[in-house]
Amino acid sequence: MLYDDLKNYYKNGIYPFHMPGHKRTDISKDNIIPYFLDITEINGFDNLHSPKSKIKEIENLACELYSVKHSFLLVNGSTCGILSAIRAMTNPFDEVLIARNCHKSVYNAVELCMLKPEYIMPRFDKNFGIFTSVLPCDIEEKLRNNRRIKLVVITSPTYEGVVSDISSIADICHKYGAYLLVDEAHGAHFPFNDSFPKEAVKCGADAAVLSLHKTLPSLTQTALLITNNDSFCNELRQNLSFFETSSPSYILMSSIEICLRYIKDNINKFNSYWELLNNFYIATKNFQHLQIIGNEKKFISSCYNYDFGKLVISAKSADLNGIELSDILRNKYKIETELSYTDYVIAMTSVCDTEHGLKMLCDALYEIDSNCKERKIKTTDYYAIIPKKCYNVYELKGKNFEVLPLPNAENRISAEYVWVYPPGVPILVPGEIISREIIEEIKSLNDHNLSIMSSRVNLPKNIAVY
């Protein structure tokens, strides 16, 4: 294993006249940060951008576990894989079809690669304010009406766990001569228990990006790019060398290896994991005010499939919002959730969760629920519109802009990206018209104390416009 080789190399006492500058010295004095394992591309330890031995063995292990022909280790997160895959699968000025709820890295790739995007809106559940699946028929309509589209990019599963019909969408894309790239960052655990949805590449996607650190036991920034398509593998490797660091962390790469070997050696733990999830849903189905989305049959039936590993807790019919719910869980019960939104929070789980941890959450939610009062459910159209596009983003480079108070920006053209992070899905993209509805939505999100981010100025007071 790479991890064992790193330990043995340290024990051999070889003096490091090479990077990194800490020279394997623990300057923290806490023995927590593994400085002694942190090396550069020295003899005998392979090279991420041209793997032939140790790193190639990790790639082969990933191929085995995910049943794919090609895998690429990512130490700059799924973002690096998305940028590299989109550039490898397109040429400048190609037209691409993007689900509007894609992560901002997809939009960044479109800008960098000078692509012409067309957007498709997933179906939207107004009751809970959550996107559901992208429908194959909507994809087909777009491709039938625009035969110039070369690439389709969708997110499946979403942050909330919603999965789309990748098999049907892949067939449609290939029927019209387009590639399909799936941002499957939140679905790295799918292959390891049949109760989870089937993974995207097995369903026919041309490539998928998986964040190991999101739902599997691997360090932050570790991910995989996988494919069964031989035709653009060389381009993938080349573009990864463009977008990924030229000094990759061997600690992160060894973390990927340890994660993959843990899965291979402990595959039965995913059965226990699924049992814990099932018990949680059974135990939380009788709340009076809070709702666990996975228990809501009407919502689940609106999705093609669903990842029950995402515990989405809705406060829509309770007298508190998502921010307040997450604050209560944090401050009173010492439970930190992944995401807090207008009316729900997301508690992410993994194979490393314990019965004790899920019971803590269950007990806390029962107590919170018992102290809630009912409120009338408010429906929302958040993100349910696609702003009118006047320019492709690459056409705006070097164009002068001005900064206006947000209320005065109606009908002007946005000069910046606007998003809430997490999840990092753009509300506005440069070149799009700022409508009254968008302005009101930004104000509403600010009123909920959500973190609104923009690429140029500090919202919500001001916004950059053309």
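Above this text sits the structure in question.
The structure presented is a predicted model; accordingly, all values stated were derived computationally and were not measured. (Residues numbered from 1 in each chain as written. Predicted model: local features only at pLDDT ≥ 70, side-chain atom pairs only at ≥ 80, totals over all residues. Heavy atoms only, no water.)

**Q** Can you walk me through the overall build of the protein in this structure?
**A** Summing up its helical and strand segments, the protein has 14 helices and 20 strands in all. On C-alpha atoms alone, the protein measures out to a radius of gyration of 23 Å, which is about the 23 Å that the 2.2 N^0.38 rule sets for 466 residues. Taken along its principal axes, the extent of the C-alpha atoms in the protein is 65 × 55 × 45 Å. Out of the 466 residues belonging to the protein, those deemed buried represent 56%. (Helix = DSSP H or I, 4+ residues; strand = E, 2+ residues; numbered from the N terminus. Rg over C-alpha atoms; globule rule 2.2 N^0.38 Å. Buried < 20%, exposed > 50% of the residue type's maximum accessible area, 1.4 Å probe, protein only.)

**Q** Teacher, can you tell me more about empty space enclosed by the protein here?
**A** Empty space among the atoms becomes visible once a probe the size of a water molecule is rolled across them. Counted according to the given criterion, the structure contains one cavity of 30 Å³ or more. Taken as a whole, the largest cavity holds about 30 Å³ of empty space. Leu48, His49, Glu59, Phe72, Leu73, Arg237, Leu240 and Glu244 together form the lining of the largest cavity. Elements with a contribution of two residues or more to the lining of the largest cavity: β1 (70–74) and α8 (233–243). Its residues placed into classes, the lining of the largest cavity shows four nonpolar, one polar and three charged. (1 Å grid on protein atoms, 1.4 Å probe; cavity = no way out; pocket = protein on both sides within 12 Å on 5 of 7 lines; lining within 4 Å. Points joined across faces, edges and corners; volume = space filled by probe spheres on them. Nonpolar A, V, L, I, M, F, W, Y, C, P; charged D, E, K, R; others polar.)

**Q** What exactly am I supposed to notice about the sheet that holds strand β2 (residues 95–99) here?
**A** By way of backbone hydrogen bonds, the strands of a sheet pair with one another, either parallel or antiparallel. Reading across from one edge, β1-β10-β9-β8-β6-β2-β3 is the order of the seven strands in this open sheet, with mixed pairing throughout. Across the chains shown, the open sheet's two edge strands, defined by having one partner strand only, are β1 and β3 (116–120). Each strand axis lies, on average, 20 degrees off the axis of its neighbour in the sheet, ignoring direction. One ladder, built from five bridges, connects β1 with strand β10 (residues 223–227); its direction is antiparallel. The residue of β10 that forms the bridge with Leu74 is Ala223. Helix α2 (residues 54–66) rests against β1, β9 (207–210) and β10 of the sheet, and its axis sits at about 120 degrees to β1. (Pairing = 2+ DSSP bridges. Axes fitted to C-alpha atoms, helices over the stretch in contact; angles between N-to-C directions. Contact = heavy atoms within 4.5 Å.)

**Q** Even after reading the chapter, I still don't get the nonpolar core, so can you show me in this structure?
**A** Across soluble globular proteins, nonpolar side chains show a tendency to be buried alongside one another. Formed by 152 residues in total, the largest nonpolar core has its most connected members in Tyr66, Ile139, Val152, Ile154 and Leu180. Here this core gets eight residues from one element, more than from any other, and that element is helix α9 (residues 250–265). Setting aside residues no more than four positions away along its own chain, Val152 makes contact with Leu97, Ile139, Leu143, Cys173, Ala178, Tyr179, Leu180 and Leu181. Leu396, Ala415, Ile433 and Ala464 belong to the second-largest nonpolar core, a separate cluster that totals six residues. (Core = buried A, V, L, I, M, F, W, Y, C linked by side-chain atoms within 4.5 Å.)

**Q** For this particular structure, what's the right way to read the sheet that holds strand β15 (residues 344–348)?
**A** Spatially, β11-β13-β15-β14 is the arrangement adopted by the four strands of the open sheet, whose pairing is antiparallel. The open sheet has two edge strands, β11 (291–292) and β14 (339–340), and neither has a second partner. Both β11 and strand β13 (residues 310–314) contribute to a ladder of two bridges, which runs antiparallel. The partner of Ile292 across the bridge, within β13, is Ile313. Taken strand by strand, helix α12 (residues 322–333) contacts β13, β14 and β15, and its axis lies near 45 degrees from that of β15. Along the sheet face, helix α13 (residues 355–371) touches β11, β13 and β15 and points at about 10 degrees away from the line of β13.

**Q** I'm lost on the packing of helix α1 (residues 2–11) against α9 in this one. Help?
**A** Angle between the axes and distance between the axes: these two values describe a pair of packed helices. Where α1 contacts α9, the axes come no closer than 8 Å and their chain directions differ by 135 degrees. By the criterion of interaxial angle, the relationship of α1 to α9 is oblique. Each of Leu2, Tyr3 and Leu6 in α1 lies in contact with α9, whose residues at this interface are Tyr250, Met253, Ser254, Glu257 and Ile258. (Parallel < 35°, antiparallel > 145°, perpendicular 65-115°, else oblique.)

**Q** Teacher, can you tell me more about the layout of surface pockets here?
**A** The volume enclosed by the largest pocket comes to roughly 650 Å³. Considering the residues around the largest pocket, the lining is formed by 37 residues, among which His103, Tyr159, His186, Lys214 and Pro423 are closest to the centre. The biggest single contributor to the lining of the largest pocket is helix α3 (residues 77–88), with four residues.

**Q** How should I be thinking about the packing of aromatic side chains in this particular structure?
**A** Two numbers describe a pair of aromatic rings. These are the distance of the centres and the angle of the planes. On inspection of all chains with the given rule, the structure shows 21 aromatic pairs. Seen from their ring centres, Phe190 and Phe196 are 6.5 Å apart, and the 15 degrees between their planes marks the pair as stacked. For Phe190, a relative accessible area of 2% corresponds to the buried category. Given a relative accessible area of 5%, Phe196 falls into the buried group. Measuring from centroid to centroid gives 6.2 Å for Trp274 and Phe308, while their planes differ by 85 degrees, and the two rings are edge-to-face. A residue pair is termed long-range when its members are at least 10 positions apart, and Trp274 in helix α10 (residues 269–283) and Phe308 in the loop between β12 (305–306) and β13 qualify at 34 residues. (Phe/Tyr/Trp six-rings, centres within 6.5 Å; stacked < 30°, edge-to-face > 60°.)

**Q** Please explain the environment of Asp319 as it appears in this structure.
**A** By secondary structure assignment, the location of Asp319 is in the loop between β13 and α12. Considered as a pair, Asp319 and Pro157 are 162 residues apart in the sequence and their alpha carbons are 29 Å apart. When residues no more than four places from it in sequence are discounted, the contact partners of Asp319 are Glu324, Cys372, Lys373 and Arg375.

**Q** Sorry if this is basic, but what is going on with α10 here?
**A** One full turn of an α-helix is made of 3.6 residues, so residues set three or four places apart face in the same direction. Helix length check: α10 (15 residues) gives 21 Å between terminal C-alpha atoms against 21 Å at 1.5 Å per residue, within 8%. Among all positions in α10, only Phe270, Tyr273, Leu276, Leu277, Phe280 and Tyr281 are buried. Mapping the buried residues of α10 onto a view down its axis gives an arc of 135 degrees, with all of them on the same face. (Expected span 1.5 Å × (residues − 1). Arc of directions from axis to C-beta.)

**Q** I'm lost on unusual backbone geometry in this one. Help?
**A** Leaving glycine out, the prevailing phi sign among residues is negative, and the prevailing peptide bond configuration is trans. The omega torsion across Met19 and Pro20 is -5 degrees, close enough to zero to call that bond cis. Going from Ser156 to Pro157, the amide bond is cis rather than trans, its omega being 5 degrees. Examined against the element boundaries, Pro157 turns out to sit in the loop between β6 (149–155) and β7 (162–163). We note that Asn31 has phi near 55 degrees; this positive angle belongs to a residue other than glycine. Examined against the element boundaries, Asn31 turns out to sit in the loop between α1 and α2. At Asp46, a position not held by glycine, the phi torsion is positive, near 65 degrees. One can find Asp46 in the loop between α1 and α2. Look at Asp46 and you get buried, because its relative accessible area is 12%.

The values reported here are purely geometric and, on their own, carry no functional implication.
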